[in-house]
Amino acid sequence: MQILDGTLVSAHIKEQIKQDVIDWQAQGGKKPHLAAILVGNNPASEAYVGHKVKSCAELGFESTLLRFDPSITEAELIAEVNKLNNNEDVDGILVQLPLPGHISGDSVINAIDPSKDVDGFHPISQGKMMLGQPTFLPATPYGIMLLLEHYNIDIAGMHCVVIGRSNIVGTPMTILLSRNTKPGNATVTLTHSRTKNLAEICQQADLIVAAIGKPFFVTADMVKPGAIIIDVGINRIPDATKKSGSRLVGDVDFEGCAPLCSYITPVPGGVGPMTICGLMKNTLLAAKQKSTVAATA
Ligand code: GUN
């Protein structure tokens, strides 16, 4: 069993991005600038956005964090997105999800200028991805593909089972795994809360992507010996032995499943750091594309 070490791989990719930014600036390019919107103070969202802002500083990007009270209206938030759309200095915009219940995430995401949609959540980005056209890929599935690529794992012809059909992980993951690319060319089954015989389907998987948001959902009896497991879950559970009283676990029972696997991602230190890499690569791409458009306009 080998650990797919997202912390290590992301450090490696971040070094490449950092050098790319230096080279870009040496050619007269400007620092990539990511603007993040955070509504309310959900502790998990605070932590995710904090990691993203910190990564910007590490890589020589500029970042702006806009915080809003949860009482902000949908129209006010869309107006803020529009300000960022029109701000020439901003290359990438991300709206941290989830948003408060009275705001439609779809409406806010749809308001983002697709040329700044570095999370890859806009319908234009998702549509282009589905058609195999160049675009911003959603950060988490993109990061997972980068991780598979780094370890030279050839998934062509494998049966991949994705658990969870969210717009930001499960559904786009199925597209990327099945595309005619490397890595890619897998046969994919998308499963969800209404899937019958989920355990039997997982037992047939050469690769499982667990993105259901339930701690320890994937157990050893669901895993075929030699399978690869990618754990997207980040769940906080009570743990009296920790000073904080809690700890982070994935969607997979790591202790039970790891001995059976050929490869497995840990939580934390697996997919999470790779998501940041996906976002940072998209932001650098947005900055470069903007300057190309400006130069040819
Ligand atoms: N919420 C959970 N994951 C993500 C992500 O990758 N991007 C944003 N914007 N929100 C999220």
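Student: Would you mind showing me how to read the site of the ligand here?
Tutor: Around the ligand lies a shell formed by K52, L94, V95, Q96, L97, D119, F121 and I168. At 3.3 Å from a nitrogen atom of the ligand is found a side-chain nitrogen or oxygen belonging to Q96. Take D119: an N or O atom from its side chain is 2.6 Å from a nitrogen atom of the ligand. Against a free-state accessible area of 280 Å², the protein chains account for coverage of 84% of the ligand. Among the residues making up the shell around the ligand, the classes are represented as five nonpolar, one polar and two charged.

Student: Looking at this model, I keep getting lost on the side chain of T265. Mind explaining?
Tutor: Looking at the secondary structure, you find T265 in the loop between β11 (263-264) and α10 (271-296). Polar contacts involving the side chain of T265 include one to the main-chain amide nitrogen of D231, which spans 2.8 Å. The contact partners of T265, leaving out residues within four places of it in the chain, are L4, L147, I229, I230, D231, F254, G270 and V271.

Student: Looking at this model, I keep getting lost on the layout of surface pockets. Mind explaining?
Tutor: Regions of empty space are outlined by a rolling probe, equal in size to a water molecule, passed over the atoms. One number sums up the size of the second largest pocket: a volume of about 320 Å³. P114, S115, K116, F136 and Q289 are, among the 18 residues lining the second largest pocket, the residues nearest its centre. Breaking the lining of the second largest pocket down by element, the ones donating at least two residues are α5 (123-131) and α10. Residue contributions to the lining of the second largest pocket peak at five residues, all from α10.

Student: Honestly, the environment of L94 in this entry has me stumped. Any pointers?
Tutor: Counting through the fold element by element, L94 comes out in strand β4 (residues 92-95). Look at L94 and you get buried, because its relative accessible area is 0%. Sequence separation of L94 and S291 is 197 residues, and the distance between their C-alpha atoms is 20 Å.

Rules used in this analysis
Residues numbered from 1 in each chain as written. Predicted model: local features only at pLDDT ≥ 70, side-chain atom pairs only at ≥ 80, totals over all residues. Heavy atoms only, no water. Near = heavy atom within 4 Å. Polar contact = N/O pair within 3.5 Å; in protein donor to acceptor, adjacent residues only side chain to side chain. Areas by Shrake-Rupley, 256 points an atom, 1.4 Å probe, with all protein chains shown as cover. Nonpolar A, V, L, I, M, F, W, Y, C, P; charged D, E, K, R; others polar. Helix = DSSP H or I, 4+ residues; strand = E, 2+ residues; numbered from the N terminus. Contact = heavy atoms within 4.5 Å. 1 Å grid on protein atoms, 1.4 Å probe; cavity = no way out; pocket = protein on both sides within 12 Å on 5 of 7 lines; lining within 4 Å. Points joined across faces, edges and corners; volume = space filled by probe spheres on them. Buried < 20%, exposed > 50% of the residue type's maximum accessible area, 1.4 Å probe, protein only.

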